[in-house]
Structure formats: structure tokens, C-alpha cells
Amino acid sequence: MNTTEYGKLVRKARLDNDITLLDMARSIGVLPSYLCATEIGETEVTEDLLKKVEEFFGSRGVVIKGLREAARRRAP
């Protein structure tokens, strides 16, 4: 499983803030499997999802530097 740079950033932010993938997925209104698929590069990160992720973390005072740039990069 190759985690993308985007996935590494999101996962680190989740873990650093004690947020499970399930809790995050429920909060932003997506399936956990979809959120996971974006982290590992199986599914492209849409602009809509990116906004939801930024709002999710922003509402908790968390800013993920380089997230937009990482989301634009394709999985290796």
C-alpha cells in the first residue's frame, strides 16, 4: 500500500489530533472506505473533498501546510 503525500499529511494530522478515520469520514459526510482510498492514492482527491478536509481540520485549529499541493500530485 503506497500512501500518497496527501495521505501522509492527512493521516498525520488525524493521528496528532486523536481523530480516527471513521470519525473524520462521518464528520465530513463520506464513507470511510472513500476517505481511505484518497489517502492511499486509489481515488483522486476532488476539490469538494479537499474543501471538506480543510474545513474539518480548520474548525479544530489545525492547518496542514502543503495539503493543496500534495492533493494535486498523482500517486506514484
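Heads up: these notes are all about the structure in this document. Residue numbering note: each chain is counted from 1, following its sequence as written. Per-residue local features are limited, in this predicted model, to residues with pLDDT of at least 70; the limit for side-chain atom pairs, both in listing and counting, is 80 or more; totals at the level of whole chains, interfaces and linings are taken over all residues. Computation of side-chain values: all heavy atoms of the structure, hydrogens and water removed.

Planes of paired rings set the category: under 30 degrees apart is stacked, over 60 is edge-to-face and the rest tilted, where pairs are Phe, Tyr or Trp rings (Trp by its six-membered ring) whose centres lie within 6.5 Å. Enumeration according to the criterion identifies one aromatic pair in this entry. Consider the rings of Phe-56 and Phe-57, whose centres lie 5.1 Å apart with planes at 85°: the pair is edge-to-face. Here the term buried applies to any residue with accessible area under 20% of the maximum for its type, exposed to any over 50%, and partly exposed to those in between, with areas from a 1.4 Å probe on protein chains only. With relative accessibility at 1%, the residue Phe-57 sits in the buried group.

Take a side-chain nitrogen of Lys or Arg and a carboxyl oxygen of Asp or Glu: if they are within 4 Å of each other, that pair is a salt bridge. In this structure the tally under the stated criterion is five salt bridges. For Asp-48, the salt bridge is made with Lys-52, and the minimal N-O distance between the two is 3.6 Å. Of this pair, Asp-48 and Lys-52 both sit in helix H4 (residues 47-58), separated by four residues, roughly a single helical turn. Residue class for Asp-48 comes out partly exposed when judged on its relative accessible area of 48%. The partly exposed category is assigned to Lys-52, whose relative accessible area is 27%. Of the charged contacts, one joins Glu-54 and Arg-68 as a salt bridge, the two residues approaching to 3.1 Å between their closest N and O atoms. Of this pair, Glu-54 sits in helix H4 while Arg-68 sits in helix H5 (residues 67-72); the two residues are 14 residues apart in sequence, bridging distant segments of the chain. In this structure Arg-68 comes out as partly exposed when scored by relative accessible area, which is 22%. Residues joined in a network through salt bridges with shared partners are Glu-47, Glu-54 and Arg-68. Note on conventions: DSSP H or I runs of at least 4 residues are helices, E runs of at least 2 residues are strands, and numbering of each starts at the N terminus.

A word on the side chain of Glu-39. Tracing the chain through its elements places Glu-39 in helix H3 (residues 32-39). Any pair of nitrogen or oxygen atoms within 3.5 Å is treated as a polar contact; in protein, a donor-acceptor pairing is required on top of that, and neighbouring residues in sequence qualify only through side-chain atoms on both sides. Within the local environment of Glu-39, its side chain forms a polar contact with the side chain of Arg-14, the two groups lying 3.2 Å apart. Residue contacts are defined here by distance: any two heavy atoms, one from each residue, within 4.5 Å place the two residues in contact. Residues contacting Glu-39, with those up to four places away along its chain left out, are Thr-3, Thr-4, Gly-7, Val-10, Arg-11, Arg-14 and Leu-21.

Let us now look at the packing of helix H2 (residues 21-28) against H4. Two elements in contact, H2 and H4, have axes separated by 10 Å at closest approach and are oriented at 110°. The angle between the axes of H2 and H4 places the two elements in the roughly perpendicular class. Handedness of the H2/H4 crossing: right-handed. For the pair formed by H2 and H4, the contact residues are Met-24, Ser-27 and Ile-28 on the first element and Leu-49, Lys-52, Val-53, Phe-56 and Phe-57 on the second. Side-chain classes follow a simple rule in which Ala, Val, Leu, Ile, Met, Phe, Trp, Tyr, Cys and Pro form the nonpolar group, Asp, Glu, Lys and Arg form the charged group, and the remainder, Gly included, forms the polar group. Of the residues assigned to the contact of H2 with H4, the class counts are six nonpolar, one polar and one charged. Think of each axis as a best-fit line through the C-alpha atoms, taken over the contacting stretch in the case of a helix, with angles from 0 to 180 degrees between the N-to-C directions. Oblique is the label for any angle not covered by the other classes, which are roughly parallel (under 35 degrees), roughly antiparallel (over 145) and roughly perpendicular (65 to 115). In this scheme the crossing of two helices becomes right-handed for a clockwise turn of the near helix relative to the far one and left-handed for an anticlockwise turn of less than a right angle.

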